[in-house]
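The primary structure of each chain is shown beneath.
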Amino acid sequence: MTEDGQQPSDGDLATRRGPASQQDMRRQNLALVMRTVAAAHPLSRADVAGRTGLTRTAVSSLVDELIGGGLLLEGELERSGRVGRPGRALVLNGNGPAGLGLEIGVEHLSACVLDLRGEVRVELHRPAANAGRPAGQTLAELAELAAAAEAEAVALGLRVVGRVLAVPGSVPLDNPGNRIEHAPNLGWHQVDVTELWPGPGTAPAVENEANLGALAELWQGTGTGTFVHISAGEGIGGALVLDGRLFRGVLGFAGELGHLTVRPNGRTCSCGARGCLEPYAGLAAVLRSAGITDDLDRPENLTDGQEADPITELARRAEEGDAAVRRALRHAGTALGTALAAAVNLIDPATLVLGGGYADLAQWLLPAMRTELAELIRVRPWPEEALRASPLGRRGPVLGAALVTVRGLHTDPAGLWQPEAA
């Protein structure tokens, strides 16, 4: 993947190989045509030629190749009112290659399949108590869910060509894409997904869930340019997008907002430091502060024998006016504002985006966050509307995981039938 979560671009390939070969040039032009259609379809072949600067003959040959690869379709004749013979409309093939996104959460497993248009065609979720159980057991269950999602996709006429897994843990840069360095809320350390993946199908590439949530926000949400994405699950995840590209840092551990210090000499964090954001604004901290940690398993809070979803329960009680819950969310919002003010002062982003469980709780978190941001950001203008909730909510990581493949096909379609060149 490139720094923005996509497969290597033609520019990357040419840089590695030196002067561009004829094959490189064709691959680059295929990518140009594919990106052009993806950005503004439906388009005629003449439209593509006009937008790309390629000759109509070259565009026709490239389009035929993309149609042959199942990436584009040519639809009904356009009725644009222009003089001359009308063109046929090129569109992305919604029943061709697709991306499979997978997610491991502390208490759930998810899978979704997106087509080339970025539309969700299959979405499966399964409760699973993953914290503390062997990684192999969780991955075996996830493989079953992945196989079920792929079977549904095949029934819809789709063909999964890439698999990416979102995990609540650190994934280093010097990694072939399949090792989880540390996932503290799962109790995992040095887990190689390739070694443990039981199949069927190829083991998925692995990426941090917060990074994938940020990429989903960039590609399908409200994130543009430079922004900070922060999300809540059992821990706190953060990601930085700089000028439209995911920033991972030197070793791949950038965005650890949950471990920014908000209270010097404060509570001990799971990482061993004191005063981190997570013990003040993480889900466990909010539940504990609200006094409801131990009552989710009461009979009145059980649904089909399962405990109530903690975030849904917090939102329900806050909506009903529960004073303890609203106070806990207000305190969490203040701590979040403190940490994010430091991020704003450091990197000068255009926006801050609340994702994951925070998006579901935004109406009670945002007021305290905005108050704290206004207090602490004094060296630059900070408009209140620059802090916003993600429209993707808790689906962000699994959507981002599937979108990595989809966007990769948009930017390097030749990789679909020439994988040895990637």
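- Identification of the chain as ROK family transcriptional regulator from Kitasatospora saccharophila is taken from an unreviewed UniProt entry.

Some remarks on the sheet that holds strand β3 (residues 97-104)
- With respect to topology, five strands assemble into an open sheet ordered β5-β4-β3-β6-β9, the strand pairing being mixed. Strand pairing shows two members of the sheet lacking a second neighbour, β5 (120-127) and β9 (205-208), which therefore form its edges. Strand-to-strand twist in this sheet, taken as the mean axis angle between neighbours without regard to direction, amounts to 20 degrees.
- Sheet topology note: the strand β6 (residues 159-167)/β9 ladder contains four bridges and is parallel. Each bridged residue has a counterpart across the sheet, and for Val164 the counterpart in β9 is Ala205.
- Docked against the sheet, helix α5 (residues 135-155) engages β3, β4 (108-114), β5 and β6, running at close to 150 degrees with respect to β5.

Let's talk about the environment of Thr351
- One can find Thr351 in strand β15 (residues 351-356).
- If sequence neighbours within four positions are ignored, Thr351 has contacts with Thr226, Phe227, Val228, Trp382, Ala386 and Arg388.

Considering the pattern of salt bridges
- A complete count under the given rule lists 20 salt bridges for this structure.
- Between Asp348 and Arg380 there is a salt bridge, with its nearest N and O atoms 2.5 Å apart. One end of the pair, Asp348, is in the loop between α11 (323-347) and β15; the other, Arg380, is in the loop between α13 (362-376) and β16 (387-389), and 32 residues separate them in sequence.
- The partly exposed category is assigned to Asp348, whose relative accessible area is 49%.
- Each of Asp115, Arg117, Glu119 and Arg121 takes part in one network of salt bridges that share partners.

Focus on the pairing of strand β8 (residues 188-192)
- Pairing geometry for strand β7 (residues 179-183) and β8, over four bridges, is antiparallel. Within β8, the residue paired with Arg179 across the bridge is Asp192.
- Counting the residues between successive antiparallel strands, the hairpin from β7 to β8 contains four residues, one of them, Gly187, with a positive phi of roughly 80 degrees.

Digging into helix α9 (residues 283-290)
- Residues of α9 that are buried: Leu283, Ala285, Val286, Leu287 and Ala290.
- Buried residues belonging to α9 abut α8 (278-281), α10 (310-319) and α11.

The rules we used
Residues numbered from 1 in each chain as written. Predicted model: local features only at pLDDT ≥ 70, side-chain atom pairs only at ≥ 80, totals over all residues. Heavy atoms only, no water. Pairing = 2+ DSSP bridges. Helix = DSSP H or I, 4+ residues; strand = E, 2+ residues; numbered from the N terminus. Axes fitted to C-alpha atoms, helices over the stretch in contact; angles between N-to-C directions. Contact = heavy atoms within 4.5 Å. Salt bridge = Lys/Arg side-chain N within 4 Å of Asp/Glu carboxyl O. Buried < 20%, exposed > 50% of the residue type's maximum accessible area, 1.4 Å probe, protein only.

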